[in-house]
Amino acid sequence: MQFCGLNGQLPPPLRHTHSRETGRIVAWCIDPCKKLEKLIELVRKLELKPSFTVITGDISHTGTIKSYNLAKRYIDEIRRLAGPIFHTMGTHDNRKNFSNILLEKPSPQHEPPCYYSRTIEGLHVIAMDSHTPGLKMGGFNEEQLDWLTVELREHRAEPAIIAFHEPIFFFGELGMFNKVSASRFKEIISEGNVLAVLSGHIHSPLFTVVDGVHYVQAGSPLWENSFNETGTVTHDSSSFNFLSYNEDPDGRPIDLPNRLLVKPVSFTGGTQLIDRTP
């Protein structure tokens with residue numbers, strides 16, 4: 001089985017101007033719609049045939065109905081090429097509009113976390129909601145963690161893919177995830193049949209394995225960040241991950257159980273430095 005993982009964000013954040021003619025947001029002179037069109041063109045040219053696609057949050061920066069309707073046009077095209085899509089809530093997403101438009105599931109007024117699951121070709125895909133309004137870090141409430149416990153117990157025969165926005169393993173010292181939530185989450189998945197944890201947020205493809213679980217960090221079609229001792233360097237480049245489960249990148253079966261191959265696919269019209277912090 002093969003599937004795609006990417007971090008969203010349409011429209012993009014930071015230093016943006018609004019084009020009335022197109023209704024698009026342009027950041028650092030980057031048009032996110034053209035970036036997505038390039039991604040779709042690349043998937044078509046490479047003849048990738050994933051069983052499903054995971055988008056790990058920040059599908060909208062503004063959270064407005066208009067922005068989600070714009071994103072949905074591209075998402076529908078990705079779905080036709082790349083199978084069912086699992087959306088997860090990101091830092092900039094609006095739960096009510098996210099649920100109503102992308103999940104096509106009306107959300108109650110109090111806007112509870114958006115989490116759900118589905119089994120595809122023997123993999124149990126779990127989309128969780130790590131968004132914590134008012135805080136600059138990810139986390140889960142007890143109800144969602146209890147739900148995850150039951151999901152993993154009832155689907156133990158199926159390897160699980162768990163997806164959410166903020167990275168729970170990488171950059172722990174930077175406070176990107178609530179420590180109590182992170183500790184409870186890792187305790188829960190240690191008792192389950194978890195193949196991989198997918199996340200987004202930092203616009204940088206990373207990969208590691210801890211206690212037999214693959215932690216896969218998605219790049220972004222919008223721009224990419226690199227991290228060093230002094231800060232962050234941002235370039236006008238794009239990427240997504242193409243993942244193969246118990247297959248090689250060409251789709252041929254391999255005799256290695258629970259093996260996940262991660263292939264970052266990068267594309268750019270010419271990488272340019274667009275920001276540096278601090």
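Above this text is the structure in question.
For every chain, the first residue of the written sequence is number 1, and numbering continues from 1 onward in sequence order. A pLDDT threshold of at least 70 governs which residues receive local features in this predicted model, and a stricter bar of 80 or more applies before side-chain atom pairs are shown or counted, although totals over entire chains, interfaces and linings include all residues. Excluding hydrogens and water, the side-chain figures rest on all heavy atoms present in the structure.

Trainee: Which parts of the structure should I look at to understand unusual backbone geometry?
Mentor: What is expected of a backbone is that most residues other than glycine have negative phi and most peptide bonds are trans. Not every positive phi belongs to a glycine, and Glu-47 is a case in point at roughly 55°. Judged by its relative accessible area of 61%, Glu-47 is exposed. Its identity as a non-glycine residue notwithstanding, Asp-211 has a phi of 55°, on the positive side. Since its relative accessible area comes to 78%, Asp-211 is described here as exposed. Summary of the burial criterion: residues with accessible area below 20% of their type's maximum are buried, those above 50% are exposed, and those between are partly exposed, where the area comes from a 1.4 Å probe applied to protein chains only.

Trainee: Even after reading the chapter, I still don't get the environment of Val-54, so can you show me in this structure?
Mentor: Numbering of helices and strands runs from the N terminus; a helix is a DSSP stretch of H or I covering at least four residues, while a strand is a stretch of E covering at least two. Mapped onto the secondary structure, Val-54 falls in strand S4 (residues 52-55). Here the alpha-carbon distance between Val-54 and Ala-82, two residues 28 residues apart in the chain, equals 9.8 Å.

Trainee: So what exactly am I meant to see when it comes to the pattern of salt bridges here?
Mentor: It is possible for side chains bearing opposite charge to pair when their charged atoms get close. A carboxyl oxygen of Asp or Glu within 4 Å of a side-chain nitrogen of Lys or Arg is what we treat as a salt bridge. Applying the stated criterion across every chain yields a total of seven salt bridges. Here Glu-41 and Lys-45 are joined by a salt bridge, their closest N and O atoms 3.0 Å apart. With Glu-41 and Lys-45 both in helix H1 (residues 32-46) and four residues apart, the pair spans about one turn of that helix. Owing to a relative accessible area of 32%, Glu-41 belongs among the partly exposed residues under this scheme. Of the residues examined, Lys-45 reaches a relative accessible area of 60% and is grouped as exposed. The residue Asp-146 makes a salt bridge to Arg-184 at a minimum N-O spacing of 3.0 Å. Of this pair, Asp-146 sits in helix H4 (residues 142-154) while Arg-184 sits in helix H5 (residues 179-190); the two residues are 38 residues apart in sequence, bridging distant segments of the chain.

Trainee: What am I meant to see in helix H2 (residues 65-82) here?
Mentor: Spacing of three or four residues puts side chains on the same side of an α-helix, whose turn is 3.6 residues. Given a helix with a known number of residues, its expected span is that number minus one, times 1.5 Å. If you check H2, its first and last C-alpha atoms are 24 Å apart, about what 18 residues at 1.5 Å a residue would give, namely 26 Å. When H2 is considered as a whole, its buried residues turn out to be Ser-67, Tyr-68, Leu-70, Ala-71, Tyr-74, Ile-75, Ile-78 and Ala-82. Where H2 terminates, the next one or two residues include Gly-83, which has phi positive at roughly 75°.

Trainee: How should I be thinking about H1 in this particular structure?
Mentor: Taking 1.5 Å as the rise per residue, H1 with 15 residues should run 21 Å; its terminal C-alpha atoms sit 21 Å apart, in good agreement. Considered for burial, the residues of H1 that qualify are Pro-32, Cys-33, Lys-35, Leu-36, Leu-39, Ile-40, Leu-42 and Val-43. One or two steps after H1, the chain reaches Glu-47, where phi turns positive at roughly 55°.

Trainee: What should I look at first to understand the packing of H1 against H2 in this one?
Mentor: If you want to describe how two helices pack, look at the angle between their axes and the distance between the axes. The geometry of H1 relative to H2 is characterised by a closest axis approach of 10 Å and an angle of 5° between their N-to-C directions. When the interaxial angle is binned, H1 and H2 end up roughly parallel. Two secondary-structure elements touch here, H1 through Cys-33, Leu-36, Glu-37, Leu-39, Ile-40, Val-43 and Arg-44 and H2 through Leu-70, Tyr-74, Glu-77, Ile-78 and Leu-81. Polar here means any residue outside two lists: the nonpolar Ala, Val, Leu, Ile, Met, Phe, Trp, Tyr, Cys and Pro, and the charged Asp, Glu, Lys and Arg; Gly therefore counts as polar. The residue makeup of the contact of H1 with H2, split by class, is nine nonpolar, no polar and three charged. The convention used is that axes are lines fitted to C-alpha atoms, helices contributing only their stretch in contact, and that angles between N-to-C directions extend from 0 to 180 degrees. Our angle categories are set so that under 35 degrees counts as roughly parallel, over 145 as roughly antiparallel, 65 to 115 as roughly perpendicular, and the remainder as oblique. The contact rule is simple, with two residues in contact once any of their heavy atoms fall within 4.5 Å.

Trainee: Explain the side chain of His-165 here, please?
Mentor: Along the chain, His-165 turns up in the loop between strand S8 (160-163) and H5. Among the polar contacts listed, one links the side chain of His-165 to the backbone oxygen of Thr-56, at a separation of 2.7 Å. A polar atom in the side chain of His-165 sits 3.3 Å from the side chain of Asp-58. Here a polar contact is taken to be a pair of N or O atoms separated by no more than 3.5 Å, where protein atoms must pair a possible hydrogen donor with a possible acceptor and residues adjacent in sequence count only if both atoms sit in side chains.

Trainee: Just checking my understanding: could you explain the sheet that holds strand S7 (residues 123-127) for this structure?
Mentor: Two pairing modes exist for strands in a sheet, parallel and antiparallel, and in both the strands are linked by backbone hydrogen bonds. Within the open sheet, the six strands sit side by side as S6-S7-S8-S9-S11-S10. Their pairing is mixed. Edge positions in the open sheet fall to strand S6 (116-120) and strand S10 (206-210), since each of these has one partner strand only. Strand-to-strand twist of the sheet, defined as the mean angle between neighbouring strand axes without regard to direction, takes the value 15°. At least two DSSP bridges between two strands are required for those strands to pair. Direction of pairing for S10 relative to strand S11 (residues 213-217): antiparallel, over a ladder of five bridges. The residue bridging Val-210 from the neighbouring strand is Val-213, located in S11. On top of the sheet, H4 reaches S6, S7, S8 and strand S9 (194-199); it is set at about 175° to S7, its chief contact.

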